[in-house]
Amino acid sequence: MVKRKTKFMCQECGYESPKWLGKCPGCGEWNKMVEEVEVTGGNRRGAFAHSQGVSTLSKPTPITAIETLTEPRILTDLNELNRVLGGGVVKGSLVLIGGDPGIGKSTLLLQVSSQLANKGNQVLYISGEESLRQTKLRAERLGIKSENLFVYSETNLEEINRNIESTNPSFVIIDSIQTVFHPEVTSAPGSVSQVRECTSELMRIGKTKGIAIFIVGHVTKEGSIAGPRLLEHMVDTVLYFEGERHHTYRILRAVKNRFGSTNEMGIFEMKEFGLDEVANPSEIFLEERSQGAAGSTVVASMEGTRPVLVEIQALISPTSFGNPRRMATGIDHNRVPLLMAVLEKRMGLLLQNQDAYLKVAGGVKLDEPAIDLAIAVSIASSFRDKPTRATDCIIGEVGLTGEVRRVSRIEQRVQEAAKLGFERVILPANNLSGWQGPKGVELIGVSTVGEALKAALGV
Ligand code: TYD
Ligand code: MG
């Protein structure tokens, strides 16, 4: 029989007390006491070990003698989601989906629930945020009708547990973890100990019964999933659903995945009747590009296994007073001053009294060195007020001496540019050997930033 006892513990010094104290008698710090739940009896280790796919009776085994088995996966109708999950939903996995309020987490999960239910799986959608009627209204809007989809409005974890036992679903959705509470933990729903305790209980249920559980987690102002970071360590997969509210595009990315890569990104569009996947993201990212404008370039960046073409915009304008500003959205802001220093030192561009604003159009975030050259060309283009050609795509990493370095997967990037009608690709000269570009695309190999500027801007 599992018994729970609550106590309070100082996060600084570990002082224990049966009741909450504002000031810790151990170290004198204020507001450091958090609730801890002590579990005695039962086999806690069993649940955890099982969650890791470990038998409690395991012993050291030669690695060659271990049988590999591929996790059984179930595909949803949303290929973008399947890809981010690493090829479908793994049975018995615990997936956390974080995102700002109103971004579409409930919509996404309700759609996925209905797709899974249509395939004959029992799905239990537990909403602690909305009433049954509200969920029904949303389902009507999304055109959902499936007899295998059960909706349940409950926040008490023991009740939830009992209902999971009786309905025996294959999928459970908890919307959201901040609203559920464990009746044996005295602190308020959404607090650190509640979130932690409820998640570990859900993990135990999911792992022992082989149920895939999706948990919605709200994001704090700082941008991380509310509750302890520990939550991210406990679950198998952490997905973030992002996007700007006034844009209809939404990006789903994995930040942790025990069953797949974390580089993948899925793109959706919020429409009147729910989320729709975007199969060709390059097209939408380039849709609103103003052609022939100074400061704009297009780069082919790898997002996981898929190349995506995106526009990088720069605006360079004289500083009116004080220190020049360096601002960047969608790219690492440390890269901007670095590339500006390279342009200044190697190319003689006088940028020290110029403000620089960099932006990746369409709300995507790029995080790879292959976008350096496009940033540098955008900056030079805006500074010189010389537009780049609308049919040029620029790829390359830039080193501190102004050299252009080789990037990975060049063929895929060039293919994508060719598919979207780009006529020239400016790329690292070192990347040129050993393959042939597609027909109709001129490949211009460059080994320094100077050569790239000459090719792109003619200066
Ligand atoms: P929601 O899924 O409730 O967000 P979250 O659970 O992340 O808080 O998303 C709500 C938003 O999505 C709301 O602003 C309305 C919009 N929406 C649509 O545009 N189309 C739809 O079909 C649905 C269901 C919602
Ligand atoms: Mg919601």
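Relevant structure appears above.
Cut-off values and rules
- Residues numbered from 1 in each chain as written.
- Chains lettered and ligands numbered in written order.
- Predicted model: local features only at pLDDT ≥ 70, side-chain atom pairs only at ≥ 80, totals over all residues.
- Heavy atoms only, no water.
- Core = buried A, V, L, I, M, F, W, Y, C linked by side-chain atoms within 4.5 Å.
- Buried < 20%, exposed > 50% of the residue type's maximum accessible area, 1.4 Å probe, protein only.
- Domains from an automatic or database assignment.
- Contact = heavy atoms within 4.5 Å.
- Near = heavy atom within 4 Å.
- Polar contact = N/O pair within 3.5 Å; in protein donor to acceptor, adjacent residues only side chain to side chain.
- Areas by Shrake-Rupley, 256 points an atom, 1.4 Å probe, with all protein chains shown as cover.
- Helix = DSSP H or I, 4+ residues; strand = E, 2+ residues; numbered from the N terminus.
- Arc of directions from axis to C-beta.
- Pairing = 2+ DSSP bridges.
- Axes fitted to C-alpha atoms, helices over the stretch in contact; angles between N-to-C directions.

*Asks:* Is there a simple way to think about the nonpolar core in this case?
*Replies:* Note that soluble globular proteins tend to have their nonpolar side chains buried in a common cluster. Judged by nonpolar contacts, the single largest core of 45 residues is most densely connected at Leu-373 and Ile-379. When residues are assigned to domains, this core turns out to be shared by domain 2 (45–54 + 72–279) and domain 3 (284–457), each giving three or more. Those residues in contact with Leu-373, other than ones at most four positions away along the chain, are Ile-394, Ile-395, Gly-396, Val-398, Val-404, Ile-426, Val-446, Val-449 and Ala-452. Residues Leu-85, Ala-117, Phe-214 and Leu-275 belong to the second largest nonpolar core, which totals 32 residues.

*Asks:* Is there a simple way to explain the site of ligand 1 in this structure?
*Replies:* Close contacts around ligand 1 come from 16 residues, with Gly-102, Ser-106, Thr-107, Lys-271 and Gly-274 the closest. Separating an oxygen atom of ligand 1 from a side-chain N or O atom of Thr-107 is a distance of 2.6 Å. Separating an oxygen atom of ligand 1 from a backbone N or O atom of Glu-272 is a distance of 2.9 Å. Protein contact buries 76% of the 560 Å² of open area that ligand 1 shows by itself.

*Asks:* For this particular structure, what's the right way to read helix H11 (residues 410–419)?
*Replies:* Because an α-helix packs 3.6 residues into every turn, residues spaced three or four apart end up facing the same way. The set of residues buried in H11 consists of Ile-410, Arg-413, Val-414, Glu-416 and Ala-417. End-on, the buried residues of H11 take up no more than an arc of 155°, which puts them together on one face. Those residues of H11 hidden inside the fold are in contact with helix H8 (281–286), strand S15 (296–303), strand S16 (306–318), strand S19 (392–394), strand S22 (424–428) and strand S23 (442–446). Gly-421 lies just past H11 and shows a positive phi near 85°.

*Asks:* Honestly, the sheet that holds strand S18 (residues 354–360) in this entry has me stumped. Any pointers?
*Replies:* Two strands in a sheet stick together by hydrogen bonds in their backbones, pointing the same way (parallel) or opposite ways (antiparallel). Strand order across the open sheet formed by four strands is S15-S16-S18-S17, with mixed pairing between neighbours. Looking at which strands have only one partner, the edges of the open sheet turn out to be S15 and strand S17 (326–329). Strand-to-strand twist in this sheet, taken as the mean axis angle between neighbours without regard to direction, amounts to 20°. In this fold H11 packs onto S15 and S16, with an angle of close to 80° to the strand it touches most, S16.

*Asks:* I'm lost on the pairing of strand S12 (residues 249–257) in this one. Help?
*Replies:* Burial runs high along S12: eight of the nine residues are buried. Pairing of strand S11 (residues 237–242) with S12 involves six bridges; the strand directions are antiparallel. Bridge pairing links Glu-242 to Ile-251 in S12. Between S11 and S12, which pair antiparallel one after the other, the connecting turn spans six residues, and Gly-243 there sits at a positive phi close to 150°. As paired elements, S12 and strand S13 (residues 265–271) share five bridges and run antiparallel to each other. Opposite Leu-252, over in S13, you have Gly-266 as the bridge partner.

By themselves these figures say nothing about function.
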